Amino acid sequence: MSRDSTASLPTAVGRRDFLAAAGVALSGSLAGCSSILATEGDQVNIAGSSTVFPVTEAIGSAFSEEYPTINVSISQTGTGGGFGNFFCAGRTDINNASREIADAEIEQCGKNSITPIELTVATDALTVVVNPDADWVDCLTVEQLREIWSADGAERWSDINDDWPDEEFELYGAATTSGTFDYFNEAVLGEDVNHRSDYYATERDRTIVQGVRGSEVAMGYFGFSFYSENPNSIKAVSIDDGNGCVEPSIETAMSGEYTPLSRPLFIYVAKESLAEPAVRDFTRFYIERAATDLVSEVGYVPITEEKRDEDLERLEEAIEEVTA
């Protein structure tokens with residue numbers, strides 16, 4: 001990776017304006033990818049969100065088939081863990097992110113002369129799941145979700161509804177380094193309520209699937225992609241945000257009906273890394289494919305062609321600046 005830029009982040013500039021002005025081991029790695037300018041042995045290093053991982057994995061595989069000499073390394077570290085320990089520390093070129101980069105992370109990147117470029121790659125329907133035998137619950141209001149997941153909140157199913165079992169919750173969810181944790185906090189709990197700590201926290205979404213599948217009184221939450229892989233072993237809960245129960249799906253996320261748990265997904269590419277041919281080839285390829293069925297095949301909503309073109313234009317401007 002190249003880290004040629006020495007400009008620090010101006011603190012007076014807002015996050016959105018700054019980003020606009022300026023994108024693991026695949027449980028090992030993806031062997032792949034050469035382009036006209038990239039050479040054999042070049043590598044693209046990616047860490048970050050487990051939610052975005054399936055999109056990056058799918059597009060990385062397609063990239064490897066088309067350009068077979070560049071190594072693409074993808075790690076699942078959580079959004080925050082990716083930013084703090086890898087991307088803003090100068091150890092990766094790209095960070096998968098299930099939320100926007102935080103101001104403190106922008107500041108950390110700036111101190112290390114790293115300029116993050118935000119690129120939208122999909123829309124997710126964050127999904128609450130229960131055991132298929134939990135036949136007493138098919139829909140929850142946002143307020144009920146808040147009662148279940150807030151610190152000092154409900155302890156038993158019967159605390160939510162007298163007709164539900166007098167059994168303690170068995171809860172599985174995102175680790176605190178995860179962008180999914182941050183988004184769930186913001187969308188469901190709000191600024192004044194803390195997320196409960198007495199739950200099984202993990203970056204491994206398949207661990208949540210296993211836990212919920214194994215207990216009738218369990219509940220968990222994660223990205224829609226992991227539910228769509230396991231529709232017969234876990235049950236998705238519809239969410240009522242005041243206008244009736246809405247089931248999580250690609251269609252309801254696309255239409256905007258599934259609130260408040262629909263969210264954009266991102267990659268952030270280091271502007272300085274775009275000096276490397278392999279990184280810019282991969283990033284171009286990624287954004288072009290983010291508007292295709294490759295994204296829907298892994299359970300997310302593709303970006304629009306308009307958004308694709310907008311992000312490609314921003315990407316090309318950044319590439320021109322670092323290669324001029």
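Presented here is a report on the structure given in the accompanying data block. (Residues numbered from 1 in each chain as written. Predicted model: local features only at pLDDT ≥ 70, side-chain atom pairs only at ≥ 80, totals over all residues. Heavy atoms only, no water.)

**A few points about the packing of aromatic side chains**
To keep it simple, the criterion reads: Here is the rule: rings of Phe, Tyr and Trp (six-membered ring for Trp) pair when centre to centre is within 6.5 Å. Planes less than 30 degrees apart are stacked, more than 60 are edge-to-face, and the remainder are tilted. Runs of E in the DSSP output that reach at least two residues are strands. Runs of H or I that reach at least four are helices, and both are numbered from the N terminus. The buried label goes to any residue with under 20% of its type's maximum accessible area, the exposed label to any with over 50%, and the partly exposed label to all in between, with areas taken from a 1.4 Å probe on protein chains only. Definition used: whenever NZ (Lys) or CZ (Arg) falls within 6 Å of the ring centre and also within 35 degrees of the ring normal, the charge is taken to sit over that ring.
A full pass over the atoms with the stated rule returns 18 aromatic pairs. Relative to Tyr-286, the ring of Phe-282 has its centre 5.8 Å away and its plane inclined at 85 degrees; by these criteria the two rings are edge-to-face. Pair noted here: Phe-282 and Tyr-286 are both in helix 11 (residues 277-289), with a separation of four residues, about one helical turn. The pair Phe-282 / Tyr-286 is uniform in exposure class, with both members buried. Taken together through their ring pairs, the aromatic side chains of Phe-63, Tyr-67, Phe-282, Phe-285 and Tyr-286 make up a single cluster. The residue whose ring lies beneath Arg-289 is Phe-285, and the NZ or CZ to ring-centre distance is 3.7 Å.

**Overview of the sheet that holds strand 8 (residues 170-174)**
Put simply, the test is: If DSSP finds at least two bridges between two strands, the strands pair. Residues are treated as being in contact if the distance between any of their heavy atoms lies within 4.5 Å. Each axis is a line fitted through C-alpha atoms, and for a helix only the stretch in contact is used; angles between axes span 0 to 180 degrees, taken between their N-to-C directions.
In space, the five strands of this open sheet follow the order 9-8-10-6-11, with mixed pairing throughout. The two strands at the open ends of the sheet, each matched to only one other strand, are strand 9 (200-202) and strand 11 (235-236). Of the strand pairs in this sheet, strand 8 and strand 9 are connected by three bridges, and their pairing is parallel. Looking at strand 9, one finds that Ala-174 is bridged to Thr-202. Here helix 7 (residues 179-189) sits on the sheet and contacts strand 6 (127-130), strand 8 and strand 10 (218-222); the angle it forms with strand 10, its principal contact strand, is near 105 degrees. Contacts between helix 8 (residues 205-213) and the sheet are confined to strand 6, strand 8, strand 9 and strand 10, with strand 10 contributing the most and set at about 160 degrees to the helix.

**Structural notes on the state of the cysteines**
Linking two cysteines covalently via their sulfur atoms produces the bond known as a disulfide. Stated formally: In this description, a disulfide is simply a cysteine sulfur pair whose atoms lie within 2.5 Å.
Within the structure shown, the criterion is met by two disulfides. Between the sulfur of Cys-88 and that of Cys-109 lies a disulfide, 2.1 Å long from S to S. Its torsion about the S-S bond being -65 degrees, the disulfide of Cys-88 and Cys-109 is classed as left-handed. One end of the pair, Cys-88, is in the loop between helix 3 (79-87) and strand 4 (94-97); the other, Cys-109, is in helix 4 (residues 103-111), and 21 residues separate them in sequence. Judged on exposure class, the residue Cys-88 and its partner Cys-109 are both buried.

**Describing unusual backbone geometry**
Note that the residue after Thr-259, namely Pro-260, is joined by a cis bond; omega there is 5 degrees. Note on placement: Pro-260 falls in the loop between helix 10 (250-255) and strand 14 (262-270). Even without being a glycine, Asp-152 presents a positive backbone phi close to 65 degrees. As for its placement among the helices and strands, Asp-152 is situated in the loop between helix 5 (142-149) and helix 6 (157-160).

**A look at the pairing of strand 3 (residues 71-74)**
What counts is decided by this rule: Clockwise travel from the first strand over the helix to the second, with the strands pointing away from the viewer, marks a crossover as right-handed.
Residues Asn-71 and Ser-73 point to one face of strand 3 and Val-72 and Ile-74 to the other, with burial holding for every one of them. Of the strand pairs in this sheet, strand 2 (residues 43-48) and strand 3 are connected by four bridges, and their pairing is parallel. By the bridge assignment for strand 3, Gln-43 is matched with Asn-71. The β-α-β motif built from strand 2, the intervening helix 2 (residues 53-66) and the parallel element strand 3 has right-handed crossover chirality.

**Let's talk about the nonpolar core**
Stated formally: Take the buried Ala, Val, Leu, Ile, Met, Phe, Trp, Tyr and Cys residues and link them wherever side-chain atoms come within 4.5 Å; each set so joined is a nonpolar core.
In terms of nonpolar packing, the biggest core is built from 83 residues, with Trp-149 and Met-219 touching the most fellow members. If you tally residues by element for this core, the top one is helix 11, at six residues. Cys-88, Ile-106, Cys-109 and Ile-114 belong to the second largest nonpolar core, which has eleven residues in total.

**Comments concerning the pattern of salt bridges**
Note the cut-off: The working definition used for a salt bridge is a side-chain nitrogen of Lys or Arg within 4 Å of a carboxyl oxygen of Asp or Glu.
According to the stated counting rule, one finds 21 salt bridges in the structure shown. The shortest N-O distance in the salt bridge between Arg-99 and Asp-182 comes to 2.6 Å. With Arg-99 in the loop between strand 4 and helix 4 and Asp-182 in helix 7, the pair connects residues that are 83 residues apart, well separated along the chain. Overall, Arg-99 belongs to the buried group, its relative accessible area being 13%. Residue Asp-311 pairs with Lys-307 through a salt bridge whose shortest N-O separation is 3.5 Å.

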